[in-house]
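Next come the chains, spelled out residue by residue.
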Amino acid sequence: MLTHLNGSLWTMLDAPAKGVEIARVGWGTPDSLALPSSEGIPGIWLCTPASGGFPPVIQRTFLSRGTAQPITIDGHEVGSYYETDEAEYVLLMGVGPVDRTASRGDQAYSAFVNLEIALQSVGFTFHDVVRTWLYLDRLLEWYDELNRARDAFFESRKIFGGFVPASTGIGSANLTGSAIITGAIAIRPKEGKGATKAMLASPLQCSALDYRSSFSRAAEVVTGGFRTVFVSGTASIEPGGKTVHIGDCAKQIALSMEVVEAILATREMTFRDTSRAIAYLKKPEYHTQWQDWLKQKGLPSNFAQEVVADVCRDDLLFELELDAVKRL
């Protein structure tokens, strides 16, 4: 899967590679992710079960116009800064904690601090972040610890009451051996140039903040004549915040996708405007239910990359994250 960054941020899937590659994210067994050619490109390398039965997945991000300035932490390239006429951007990938032997909660807090350090190196703050990705080894054992660490960081930086980023929190080990590895995208509109950003609500769900999970359901960036919507990881959760359709993956998929569709509809978008999507399946056999849903909706079988991973609750069997782009 190839993702291109223009004025629209993410504009194309499966397009010919062009421009400067600025990030990679991969899922697979450790052997399948031994990619020497990725040296020097910021990335997140995530481990899926060897018995998962799925081929390795690699997403590659290109800046197809302009140039990118590398961002480093302790000599390691972890992201890129770039700009358009309307805004400045930072894309970070592969930011982890300082001490991989620390407690998992401390590692999570440290990862947020390192995201902030990377942002500050090019004049950004965490208030500029519109979306994060949080990949946790053995997530189901310590998701509450993550939320406490994130809450503490957000409170100390006064994120609550301002722009709370969209996010995905998924269970995946990583090749660094840390408890958590992260990524983020940030935008800083140039004064008077018309670029905007906003948090979006979900018409069919409560705010995640209502049950102390500190992310917005979706975020929107308008720049370069395009509207880009980042939908957070979305699962089978009812308006009060409880899991529904326990044990029934097909119904969980249907509800999750109904929720995503409703978010897109608030921005006059449909699934046809999707530019990037990842379907997280708790078990490989749920591939069949997912493909059945796509067929029923007339969507292509490769609508989303499929990854075997734990979702944030043990009774959640499916989650989808999605980006969509539409010309204004």
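Residues numbered from 1 in each chain as written. Predicted model: local features only at pLDDT ≥ 70, side-chain atom pairs only at ≥ 80, totals over all residues. Heavy atoms only, no water.

S.K.: Describe the packing of helix α1 (residues 104-120) against helix α2 (residues 139-156), and please don't skip the residues or the numbers.
M.R.: Following both chains from N to C, one finds α1 and α2 inclined at 40°, their axes separated by 8 Å at the closest point. Between α1 and α2, the crossing angle belongs to the class labelled oblique. α1 and α2 meet at a crossing whose hand is right-handed. Together, R104, G105, A108, Y109, F112, V113 and E116 of α1 and E141, W142, E145, L146, A149, R150, A152, F153, F154 and S156 of α2 make up the contact between the two elements. (Axes fitted to C-alpha atoms, helices over the stretch in contact; angles between N-to-C directions. Helix = DSSP H or I, 4+ residues; strand = E, 2+ residues; numbered from the N terminus. Parallel < 35°, antiparallel > 145°, perpendicular 65-115°, else oblique. Left-handed = near helix turned anticlockwise from the far one by under 90°. Contact = heavy atoms within 4.5 Å.)

S.K.: Now, about the sheet that holds strand β11 (residues 180-189): what can you tell me, with residues and values included?
M.R.: Taken in spatial order, the six strands make up an open sheet running β5-β6-β7-β11-β8-β9, and their pairing is mixed. The sheet terminates laterally at β5 (69-73) and β9 (166-171), the two strands that pair on one side only. The sheet shows a mean angle of 15° between the axes of neighbouring strands, direction not considered. The pairing of strand β6 (residues 76-83) with strand β7 (residues 87-95) spans five bridges and is antiparallel. Along β7, the bridge assignment pairs E83 with E88. The strands touched by α2 within the sheet are β8 (129-136), β9 and β11, with β8 carrying the most contacts at an inclination of about 145°. (Pairing = 2+ DSSP bridges.)

S.K.: So what's going on with the packing of aromatic side chains? Residues and values would help.
M.R.: Two aromatic rings, taken as a pair, are described by how far apart their centres are and by the angle between their planes. Applying the stated criterion across every chain yields a total of 16 aromatic pairs. Judged by centre distance (6.2 Å) and plane angle (80°), the rings of W27 and Y135 are edge-to-face. You can see W27 sitting in strand β2 (residues 20-28) and its partner Y135 sitting in strand β8, a full 108 residues away along the chain. Given the relative accessible area of 2%, W27 is considered buried. Among the residues examined, Y135 registers a relative accessible area of 2% and is labelled buried. Pairing W290 with F303 gives two aromatic rings, centres 6.4 Å apart and planes at 55°, and the pair type is tilted. With W290 in helix α4 (residues 287-296) and F303 in the loop between α4 and β16 (305-308), the pair connects residues that are 13 residues apart, well separated along the chain. (Phe/Tyr/Trp six-rings, centres within 6.5 Å; stacked < 30°, edge-to-face > 60°. Buried < 20%, exposed > 50% of the residue type's maximum accessible area, 1.4 Å probe, protein only.)

S.K.: Tell me what's going on with the pattern of salt bridges, and back it up with residues and numbers.
M.R.: For the structure shown, the criterion picks out 14 salt bridges. For E321, the salt bridge identified is with R276, shortest N-O distance 2.6 Å. Placement of the pair is E321 in strand β17 (residues 318-327) and R276 in strand β15 (residues 274-281), with a sequence separation of 45 residues. A salt bridge links K282 to D314, with the shortest nitrogen-to-oxygen separation between them at 2.9 Å. Of this pair, K282 sits in the loop between β15 and α4 while D314 is found in the loop between β16 and β17, placing the two residues 32 residues apart along the sequence. Given a relative accessible area of 52%, D314 falls into the exposed group. The network of salt bridges with shared partners includes R131, R276, E321 and D323. (Salt bridge = Lys/Arg side-chain N within 4 Å of Asp/Glu carboxyl O.)

S.K.: An account of the packing of helix α3 (residues 249-265) against α4 is requested, with residue identities and associated values reported.
M.R.: Packing of α3 against α4 leaves a shortest axis separation of 9 Å and a crossing angle of 45°. In terms of their interaxial angle, α3 and α4 are classed as oblique. Every pair of crossing elements has a handedness; the one defined by α3 and α4 is right-handed. Along the contact surface, α3 presents C249, A250, I253, A254 and M257, while α4 presents Q289, W290 and W293. Partitioned by chemical class, the residues of the contact of α3 with α4 number seven nonpolar, one polar and no charged. (Nonpolar A, V, L, I, M, F, W, Y, C, P; charged D, E, K, R; others polar.)

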